[in-house]
Amino acid sequence: MGKGGMSHGNTDEGKEVNMAAWLLGINDIKILPFNLPPLGAHDARIRMKAVGICGSDVHYLKAMKLADFIVKEPMVIGHECAGIIEEVGAEVKHLLPGDRVAIEPGISCWRCNLCKDGRYNLCPEMKFFATPPIHGSLANQIVHPADLCFKLPENVSLEEGAMCEPLSVGVHACRRANVGPETNVLVMGAGPIGLVTMLAARAFGSPRIVIVDVDDHRLSVAKELGANQTVKVSTNSNDLRDEVERIKEAMGGGIDISFDCAGFSKTMSTALGATCSGGKVCLVGMGHTEMTVPLAPAAVREVDVVGIFRYKNTWPLCIEFLQSGKIDVKPLITHRFGFSQKEVEDAFETSALGGTAIKVMFNL
Amino acid sequence: MGKGGMSHGNTDEGKEVNMAAWLLGINDIKILPFNLPPLGAHDARIRMKAVGICGSDVHYLKAMKLADFIVKEPMVIGHECAGIIEEVGAEVKHLLPGDRVAIEPGISCWRCNLCKDGRYNLCPEMKFFATPPIHGSLANQIVHPADLCFKLPENVSLEEGAMCEPLSVGVHACRRANVGPETNVLVMGAGPIGLVTMLAARAFGSPRIVIVDVDDHRLSVAKELGANQTVKVSTNSNDLRDEVERIKEAMGGGIDISFDCAGFSKTMSTALGATCSGGKVCLVGMGHTEMTVPLAPAAVR
């Protein structure tokens, strides 16, 4: 990087000042310098090119906390990202500067029983982009373990690379629930997570997918993206019984697997009521902490509740799905912004408003 | 059976009159004649010798209904049973009169997808002893498919045979939850179902079992039956956080599998809070229909 001329500032020696989007307080996000840690032998330094906004990013901006995680000091936001390798550590063999990579955010400890058992997404020492106190990746550059950087094929764009993160949630859910060519799937909620779950379910071979939402626009997007049927539902719990019937009718055959991508008492209750005996209900969304649900009627039909947290070992499969065209995430990217103070603020507002916005993407 | 002399009455021809315990109404149970169906080619006629009472039997007596099942006409009660074979149908090869058998109550259809998939306990056409409108087995004799009659070895009593039914609930739960030599197990509730679940868990190899209950006596029975540790809990939901801590302490290591053998919001919430990340909570008991539980904190682990 040469002396002067760069819009985001240089030191006197001409080195680029690495900038990032920092969460300073509620509704207070500022682009400020972000010091990179030294490059370890197994690390890569990556120039960020595409970073998506997640609902959790917006939530942190609006509340400075999420569940038990509290933002106690300024934190860089963002975690859905892809970029270009600038430099790799001495022990890194599989990547070279110039490689285009999608990035898996979470750094596990690899010493605890959960990690050693492969369930590293549940590692209690997990260091995850933009989950406090770990800085996120909405920045010019980051330093990250190279084994969490996955090379993108020529025909997969950096934006699609960034989409691997939300898509991974859907892929992990489909694996945990065992979606396949004989499983009819119900998806509760047609927001970004419901949509990637639907796309993943189709890629896993599900022959019939019904998706429900309260919003007509979201349902029409879902239909365009390949849902067999959509059902409009309400937030009114009195409508539960009727909605379960309409959903079953829309499916035609039995519902083997339901994904609750909203995570409220009503959506879980609907899913539990609509799913076949012996089936599974996967709780993906995080609407309510405590829910009032008819657990016993589901339990006596052996409808199992499966929890989902983030993902594990999903990047290679996501990249394969994108590369082969089995999944097309491009229609989910509805809004794009550049990396400037005003655009960062506008981007978060757009994402927070919802409406026609599905995935808001930064291009850096 | 000879003419006369039998305390439960004979017809003029000297044939035994088969008697059973009938549910006639709330708190109204009477021993009355019970006509047996004809013996099919694959059936067995069994003289009942040991029949246990289940909580559901008591519930039907007290309420004449359970969940969506309503007792609309008189029904014979009882389903945990064992007896002696009196007669077998023409196609029955594995049993002979005189054989001592334990009896699996439920007759599935074997035509639906669930049956064909082996999950016959979920068959929508299930005909189960003492689940209306199907008559139970607290009777002198019953007729039942022979493939649901399991021969007892010499050293297993008829009473133990009858206990196979509640024990089966514990065994099925342990299978579904995958209990094994590396799974620490928590059992919520030390009633009959909690106890058979604990015994089954030990038999499946669980190295450490903690059992909880509100009742001291039940806890002491559980300890005698082999629980590693017992923890006394309350029905007060304010005690939840403290109880989860005490349970974890009692286990020592992580809790891999929890069996909620009570089935209430509090017991489920406790189990969900106490179980390790990546673990399982098995809902066995049927306390409440709707429960208010912290599902999300469990799902994210």
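About the criteria used
- Residues numbered from 1 in each chain as written.
- Chains lettered and ligands numbered in written order.
- Predicted model: local features only at pLDDT ≥ 70, side-chain atom pairs only at ≥ 80, totals over all residues.
- Heavy atoms only, no water.
- Helix = DSSP H or I, 4+ residues; strand = E, 2+ residues; numbered from the N terminus.
- Buried < 20%, exposed > 50% of the residue type's maximum accessible area, 1.4 Å probe, protein only.
- Contact = heavy atoms within 4.5 Å.
- Areas by Shrake-Rupley, 256 points an atom, 1.4 Å probe, with all protein chains shown as cover.
- Lys, Arg positive; Asp, Glu negative; His and termini not counted.
- Charge placed at Lys NZ, Arg CZ, Asp CG, Glu CD.
- Core = buried A, V, L, I, M, F, W, Y, C linked by side-chain atoms within 4.5 Å.
- Domains from an automatic or database assignment.
- Buried area = accessible area lost by both parts, 1.4 Å probe.
- Salt bridge = Lys/Arg side-chain N within 4 Å of Asp/Glu carboxyl O.
- Polar contact = N/O pair within 3.5 Å; in protein donor to acceptor, adjacent residues only side chain to side chain.
- UniProt positions renumbered as here; feature names shortened; annotations may be inferred.
- Phe/Tyr/Trp six-rings, centres within 6.5 Å; stacked < 30°, edge-to-face > 60°.
- Lys NZ or Arg CZ within 6 Å of the ring centre and 35° of its normal.
- Pairing = 2+ DSSP bridges.
- Axes fitted to C-alpha atoms, helices over the stretch in contact; angles between N-to-C directions.
- Expected span 1.5 Å × (residues − 1).
- Arc of directions from axis to C-beta.

## Things to note about the overall build of chain B
Summing up its helical and strand segments, chain B has 8 helices and 16 strands in all. Burial status across chain B gives 45% buried among its 301 residues. Here the contacts in chain B between residues at least 6 apart in sequence split such that 63% fall between residues at least 24 apart. A total of about 15,200 Å² of accessible surface is found on chain B, and carbon and sulfur atoms cover 55% of it. Charge-centre separation for chain B: the mean point of 29 positive side chains lies 2 Å from the mean point of 34 negative side chains.

## Notes on the nonpolar core
Residues and elements named next belong to chain A. One finds L195, F259 and L332 to be the most contacted residues of the largest nonpolar core, which totals 61 residues. Listing elements by their share of this core, those giving two or more residues are α2 (113–116), α3 (158–177), β11 (185–188), α4 (192–203), β12 (209–213), α5 (216–224), β14 (255–260) and α9 (315–324). No other element matches the 10 residues that α3 contributes to this core. Residue contributions to this core reach at least three from each of two domains, namely domain 1 (5–163 + 329–363) and domain 2 (170–307). For F259, the contacting residues outside a window of four places in its chain are A173, C174, A177, V179, V185, L186, V187, M188, T197, C282 and V284. Judged by nonpolar contacts, the second largest core, of 43 residues, contains W22, V51, V76 and C81.

## Here we look at the interface of chain A and chain B
With 26 residues of chain A in contact, the opposing surface of chain B contributes 24 residues. Three residues stand out in chain A for area buried against chain B, namely T292, L295 and E302 of chain A, and they jointly supply 25% of the buried area on that side. Applying the counting rule to chain A against chain B returns 3 salt bridges. At the junction of chain A and chain B, the tally comes to 14 residue pairs in polar contact (both at pLDDT 80 or more).

## Concerning the environment of D57 of chain A
Residues and elements named next belong to chain A. Turning to its location among the elements, D57 is positioned in helix α1 (residues 55–63). Separated by 20 residues in the primary sequence, D57 and I77 place their C-alpha atoms 6.4 Å from one another. Within the structure, the side chain of D57 is placed 2.9 Å from the backbone nitrogen of C54, a separation counted as a polar contact. Separated by 3.4 Å, the side chain of D57 and the backbone nitrogen of G78 make a polar contact.

## Details of the UniProt feature "domain: Alcohol dehydrogenase-like N-terminal" (unreviewed entry) in chain B
Within this numbering scheme, the UniProt entry marks residues 40–154 of chain B as carrying the feature "domain: Alcohol dehydrogenase-like N-terminal" (unreviewed entry). The span residues 40–154 of chain B is 11% helix and 32% strand, and its two end C-alpha atoms sit 28 Å from each other.

## Points about the side chain of S258 of chain A
All names here are of chain A. On the secondary structure map, S258 appears in strand β14. Of the residues examined, S258 reaches a relative accessible area of 0% and is grouped as buried. A polar side-chain atom of S258 sits 2.7 Å from a polar atom in the side chain of T275. Dropping the residues within four chain positions of it, S258 is found in contact with L186, A271, T275, K280, V281 and C282.

## Concerning the packing of aromatic side chains
Per the counting criterion, the structure on display carries 9 aromatic pairs over all chains. Between the aromatic rings of Y311 of chain A and W315 of chain A, the centroid separation amounts to 5.1 Å while the plane-to-plane angle is 75°, which identifies the pairing as edge-to-face. Each member of the pair Y311 of chain A and W315 of chain A is classed as buried. On the basis of an interplanar angle of 45° and a centroid distance of 5.2 Å, the ring pair of W110 of chain B and Y120 of chain B is categorised as tilted. Taken together, the positions of W110 of chain B in the loop between β8 (100–103) and α2 (113–116) and Y120 of chain B in the loop between α2 and β9 (141–145) put the pair 10 residues apart, joining distant regions of the chain. By relative accessible area, which is 47% here, W110 of chain B ends up partly exposed. Following the ring pairs from residue to residue traces out a cluster consisting of F128, F150, Y311 and W315 of chain A. A cation over a ring is seen here: R310 of chain A above F128 of chain A, with NZ or CZ 3.6 Å from the ring centre.

## Regarding the pairing of strand β2 (residues 28–33) of chain A
All names here are of chain A. Note: strand β1 (residues 19–25) against β2, 6 bridges, orientation antiparallel. Note on β2: the bridge partner recorded for G25 is D28. The antiparallel pairing of β1 with β2 creates a hairpin that spans 2 residues between the two strands, and N27 there sits at a positive phi of about 60°.

## Here we look at the UniProt feature "domain: Alcohol dehydrogenase-like C-terminal" (unreviewed entry) in chain B
According to UniProt, the "domain: Alcohol dehydrogenase-like C-terminal" (unreviewed entry) feature falls on residues 192–298 of chain B. Secondary structure content for residues 192–298 of chain B is 44% helix and 25% strand, and the end C-alpha separation is 27 Å.

## Topic: helix α7 (residues 265–274) of chain A
A large share of α7 of chain A lies buried, amounting to 9 of its 10 residues. Taken residue by residue, α7 of chain A has S265, K266, T267, M268, S269, T270, A271, L272 and A274 of chain A as its buried positions.

## Section: the sheet that holds β8 of chain B
Residue and element names in this part refer to chain B. The strand order β9-β3-β7-β8-β10 describes an open sheet built from 5 strands, whose pairing is antiparallel. Edge positions in the sheet fall to β9 and β10 (149–151), since each has one partner strand and no second. Put simply, the sheet's adjacent strands are angled 45° from each other on average, direction ignored. Of the strands in this sheet, β3 (43–52), β7 (80–88) and β8 are in contact with helix α3 (residues 158–177), which crosses β7 at around 120°.

## So, helix α10 (residues 341–353) of chain A
All names here are of chain A. Given a rise of 1.5 Å per residue, 13 residues ought to cover 18 Å, and the 19 Å separating the end C-alpha atoms of α10 matches this to within 8%. Taken residue by residue, α10 has V344, A347, F348, T350 and S351 as its buried positions. Burial along α10 is one-sided: seen end-on, the buried residues are contained in an arc of 160°. For α10, the exposed residues set more than 90 degrees away from the buried face come down to K342 and L353. Those residues of α10 that are buried lie in contact with β1, β2, α1, β18 (333–337) and β19 (359–363).

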